[in-house]
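Notes for the structure review
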Amino acid sequence: MKYIKVLGSGCANCKATFARIEKVAQEKGVEITLEKVEDMAQIMSYGIMSTPGVVIDGEVVHAGGVPEQKKIEAWL
Amino acid sequence: MVREAGLLGKKRMFEQLANLLVYQMGGLSPESHLGTVLHFFVMDTAKIFVMLIIIIYIMGLFRTLLSPEKVRDYIRGRSKALARTLAVTLGAVTPFCSCSSVPLFIGFVEAGIPLGVTFSFLIASPMINEVAVVLLMGIMGWKLTLLYVIAGLTVAYVGGAAMERFHPERWVEDYVWKIQMGQVVQPAVDTSLQGRHEFAISEVKEIVGRIWLWVLIGIGAGALFHGYFPQSWAESLTGRDNFLAVPMAVILGVPLYSNAVGVIPLAEAMLTKGVAIGTTLALMMSIAAISLPELLILRKVIRLPGLLLFVSVLTIAIILVGWTFNLLSFGGNP
């Protein structure tokens, strides 16, 4: 079970990232807990300056732009 | 000067495509307004989208080496003049989506970078970007591209410096000062050929998906300008004695918003109708740099008076730069 957080202020790219991760997890049948983080102070505490960012089990794996499908598959 | 051969020697290919579709198959006359409008629209849509896809893909292959995080490290702790020069140049070449403005702003503040320098970065970034620059070169030649880049850099430099005079710190929302940033991390990137190709494809999808509507609107506006804009109106924007042309263009551009790429077809149409260079550049800059969506995002970190000042400073800076270019071009070309 992976805990995944999508960091972003609610922009279109952040929503797209969230939806894509959800989709890939479903396709692969991987169980995840997906969470949106929209609070700016919390987002910044991860040390990223470009959104959307992706955090898996506490580690930042992606920042800026919607991650490619393949990349998400590799994470899961 | 506008009719220089473009980047793509195949320019005529798009013209012939438009001839075929509009005049031959559509049966419209090249003399009619509607014919001219549709011809421009078809030609520019085909030309711009083909170029966009090629440009973004190639840029994606080279995978940008710059990120806002790196820019921050370059700028922090530098003397003000150097910091601003870096902010303006890096702002021009660093890709970042306007939805990242807020974290970027906070990140800069947190690193102790002066607000005026941050504003310079925020002005330069939407106005100049590599896609717009290459497209400009392909459509209007390198001279005009160079002028646009110089004009944009000047506005960003002067605009940020002017903002600083007003001590914008007082308009920054309180919570911004309190945010503690974590250790900055740079996620690893895949630099294999396959990885680059996949990244480039995703860049094409992402960027074209984000800006296609603005580009179409820009082409539409350019086509209308081309076909229906009364010559007498165009002349009122071209008159060399008409000092009001530049402020008019800028004020017209403030409420309009488009991506820098979307403005290019409109500028193309304006120049072929004989609108002065400074006036055209001013309209391009005000449409690309001052946008309501961007301001709404910035409102999360800056209070209203600060934003109004930001818009006023930018408007004035763009007008001044527009006038300067008109003076220079008329001076050199009597």
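Residues numbered from 1 in each chain as written. Chains lettered and ligands numbered in written order. Predicted model: local features only at pLDDT ≥ 70, side-chain atom pairs only at ≥ 80, totals over all residues.

**Considerations on the overall build of chain B**
We apply this condition: For the purposes of this entry, the term helix denotes a DSSP run of H or I that reaches at least four residues, the term strand denotes a run of E that reaches at least two, and both are numbered from the N terminus. Counts of 20 or more other C-beta atoms within 10 Å of a residue's own C-beta define buried residues, counts of 12 or fewer define exposed ones, and intermediate counts define partly exposed ones; C-beta atoms are placed from the backbone. Residues are treated as contacting if the C-beta atoms built from their backbones sit within 7 Å of each other.
Each helix and strand in chain B was counted, giving 15 helices and 0 strands. Counting every position in chain B, which comprises 334 residues, the buried fraction comes to 44%. Partitioning the intrachain contacts of chain B with sequence separation of at least 6 by distance along the chain shows that 87% fall at a separation of at least 24.

**Side note on the overall build of chain A**
Selection criterion: Based on C-alpha atoms, the radius of gyration is set beside the globule rule, defined as 2.2 Å times the residue count to the power 0.38.
A count of helical and extended segments in chain A gives 3 helices and 4 strands. In chain A, the order of α-helices and β-strands from amino to carboxyl end is β-α-β-α-β-β-α. For 76 residues, the compact-globule formula gives about 11 Å, and the C-alpha radius of gyration of chain A, at 11 Å, lands near that figure. If one aligns the C-alpha atoms of chain A with their principal axes, the spans along those axes are about 35 × 25 × 15 Å. Across the 76 residues that make up chain A, the buried fraction comes to 43%. Sequence separation of 24 or more characterises 65% of the internal contacts of chain A that already satisfy a separation of 6 or more.

**Some remarks on the sheet that holds strand 3 (residues 53-56) of chain A**
All names here are of chain A. Keep this limit in mind: Pairing between two strands is assigned when DSSP locates at least 2 bridges connecting them. Only the stretch in contact is used when a helix axis is fitted, and all axes are lines through C-alpha atoms; the angle between N-to-C directions ranges over 0 to 180 degrees.
If you walk across this open sheet you meet the 4 strands as 2-1-3-4, and the pairing is mixed. Each of the sheet's edge strands pairs with one partner strand only, and the pair in question is strand 2 (32-37) and strand 4 (59-63). Sheet twist, expressed as the average angle between the axes of neighbouring strands with direction ignored, equals 20°. Pairing of strand 3 with strand 4 involves 4 bridges; the strand directions are antiparallel. By the bridge assignment, Val-54 is partnered in strand 4 with His-62.

**As for the pairing of strand 1 (residues 2-7) of chain A**
Both strand 1 of chain A and strand 2 of chain A contribute to a ladder of 6 bridges, which runs parallel. Residue Leu-7 of chain A lies in a different strand from strand 2 of chain A, and its bridge partner there is Val-37 of chain A.

**Concerning the interface of chain A and chain B**
By a widely used convention, the size of an interface equals the accessible area lost when the partners come together. Here is the rule we go by: Lys, Arg, Asp and Glu make up the charged group, whereas Ala, Val, Leu, Ile, Met, Phe, Trp, Tyr, Cys and Pro make up the nonpolar group; the residues left over, Gly among them, are polar.
Taken together, the contact pairs 23 residues of chain A with 26 residues of chain B. For the side of chain A that touches chain B, the secondary structure elements donating two or more residues are helix 2 (40-45) and strand 4 of chain A. Top contributing element to the side of chain A that touches chain B by residue count: helix 2 of chain A, with 5 residues. Class assignment of the residues belonging to the side of chain A that touches chain B gives a composition of 12 nonpolar, 9 polar and 2 charged.

**Side note on unusual backbone geometry**
Residues and elements named next belong to chain A. With an omega of -5°, the peptide bond between Thr-51 and Pro-52 qualifies as cis. Relative to the helices and strands, Pro-52 is located in the loop between helix 2 and strand 3. A positive phi angle, close to 45°, is found at Asp-57, a residue other than glycine. Within the element layout of this structure, Asp-57 appears in the loop between strand 3 and strand 4. You can call Asp-57 exposed: it has 10 C-beta atoms within 10 Å.

**Looking at the environment of Ala-245 of chain B**
Residues and elements named next belong to chain B. By the secondary structure assignment, Ala-245 is in helix 11 (residues 245-253). For Ala-245, a count of 23 C-beta atoms within 10 Å puts it in the buried group. Ala-245 sits 74 residues away from Ile-319 along the chain, and the two C-alpha atoms are 9.6 Å apart.

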